[in-house]
Amino acid sequence: MDEEGTEMCDCGKKRYGYYADAGFIFVCFACGRFKCEGFSPEMEQFFKDEPAVILQLIQDGVFKSLSDIKE
C-alpha cells in the first residue's frame with residue numbers, strides 16, 4: 001500500500017483502500033476485483049456473494065477512504 005491508500009491490482013490499475021471498524025477493503029474500480037483484510041470469513045463471503053454491497057457501503061460512508069487518514 002502506498003501513502004495514498006492504494007495498491008496495484010492484477011489488472012494493472014490501482015485498487016483503492018477503505019476502512020471500517022472491522023477491517024480494510026481494497027477495490028479496483030477498473031475490473032471490479034477487491035481484497036479484504038480483517039473481516040470475518042462470513043463477511044468476506046457475503047462481499048463475494050453480493051459485491052454491490054461494497055459500493056453501497058462506500059457511498060453511505062460506512063467504509064472510509066484510507067486517503068482521508070491524516071497523520
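Structure shown above.
On a predicted model such as this, the values are computed, not experimentally measured, just so you know.

### Regarding the nonpolar core
Grouped burial of nonpolar side chains is what soluble globular proteins tend to show.
Here is step 1: Core analysis: the largest hydrophobic core is formed by 11 residues, namely Tyr18, Ala20, Ile25, Val27, Cys36, Phe39, Phe47, Ile54, Leu57, Ile58 and Phe63.
Here is step 2: Those elements giving two or more residues to this core turn out to be β3 (24-27) and α2 (52-59).
Here is step 3: The greatest single-element share of this core, amounting to three residues, is contributed by α2.
Here is step 4: Not counting chain neighbours up to four residues away, the residues in contact with phenylalanine 39 comprise Ala22, Gly23, Phe24, Ile25, Glu44, Phe47 and Phe63.

### Here's the deal with the pattern of salt bridges
Here is step 1: Per the counting criterion, the structure on display carries four salt bridges.
Here is step 2: Note that glutamate 7 is salt-bridged to arginine 15, the shortest N-O span being 3.3 Å.
Here is step 3: A relative accessible area of 13% places glutamate 7 in the buried class.
Here is step 4: Here the salt bridges share partners, and the residues they tie into one network are Glu7, Arg15, Lys35 and Glu37.

### Some details on the pairing of strand β2 (residues 14-19)
Here is step 1: Across three bridges, the pairing between strand β1 (residues 6-8) and β2 is antiparallel. Of the residues in β2, the one forming a bridge with glutamate 7 is arginine 15.
Here is step 2: Hairpin remark: β1 followed by β2, antiparallel, with five residues in the connecting loop; positive phi at glycine 12, about 95°.
Here is step 3: Sheet topology places β2 next to β3; four bridges connect them, and they run antiparallel. Directly across from tyrosine 16, in β3, lies its bridge partner valine 27.
Here is step 4: Hairpin connection, β2 to β3: the antiparallel pair is bridged by four residues.

### What to know about the packing of aromatic side chains
Here is step 1: Counting across every chain of the model gives five aromatic pairs.
Here is step 2: Consider the rings of phenylalanine 39 and phenylalanine 47, whose centres lie 5.5 Å apart with planes at 90°: the pair is edge-to-face. By the burial criterion, phenylalanine 39 is buried, and phenylalanine 47 matches it.
Here is step 3: Taking the centre distance of 5.9 Å and the plane angle of 65° together, the rings of phenylalanine 39 and phenylalanine 63 count as edge-to-face. Here phenylalanine 39, found in the loop between β4 (34-37) and α1 (41-49), pairs with phenylalanine 63, found in the loop between α2 and β5 (64-65); they are 24 residues apart in sequence, far enough to count as distant. Summarising the burial analysis for this pair, phenylalanine 39 and phenylalanine 63 share the class buried.
Here is step 4: Taken together, the ring pairs connect Phe39, Phe46, Phe47 and Phe63 into an aromatic cluster.
Here is step 5: We note lysine 35 situated over the ring of phenylalanine 26; from NZ or CZ to the ring centre the distance is 5.6 Å.

Criteria and cut-off values
Residues numbered from 1 in each chain as written. Predicted model: local features only at pLDDT ≥ 70, side-chain atom pairs only at ≥ 80, totals over all residues. Heavy atoms only, no water. Core = buried A, V, L, I, M, F, W, Y, C linked by side-chain atoms within 4.5 Å. Buried < 20%, exposed > 50% of the residue type's maximum accessible area, 1.4 Å probe, protein only. Helix = DSSP H or I, 4+ residues; strand = E, 2+ residues; numbered from the N terminus. Contact = heavy atoms within 4.5 Å. Salt bridge = Lys/Arg side-chain N within 4 Å of Asp/Glu carboxyl O. Pairing = 2+ DSSP bridges. Phe/Tyr/Trp six-rings, centres within 6.5 Å; stacked < 30°, edge-to-face > 60°. Lys NZ or Arg CZ within 6 Å of the ring centre and 35° of its normal.

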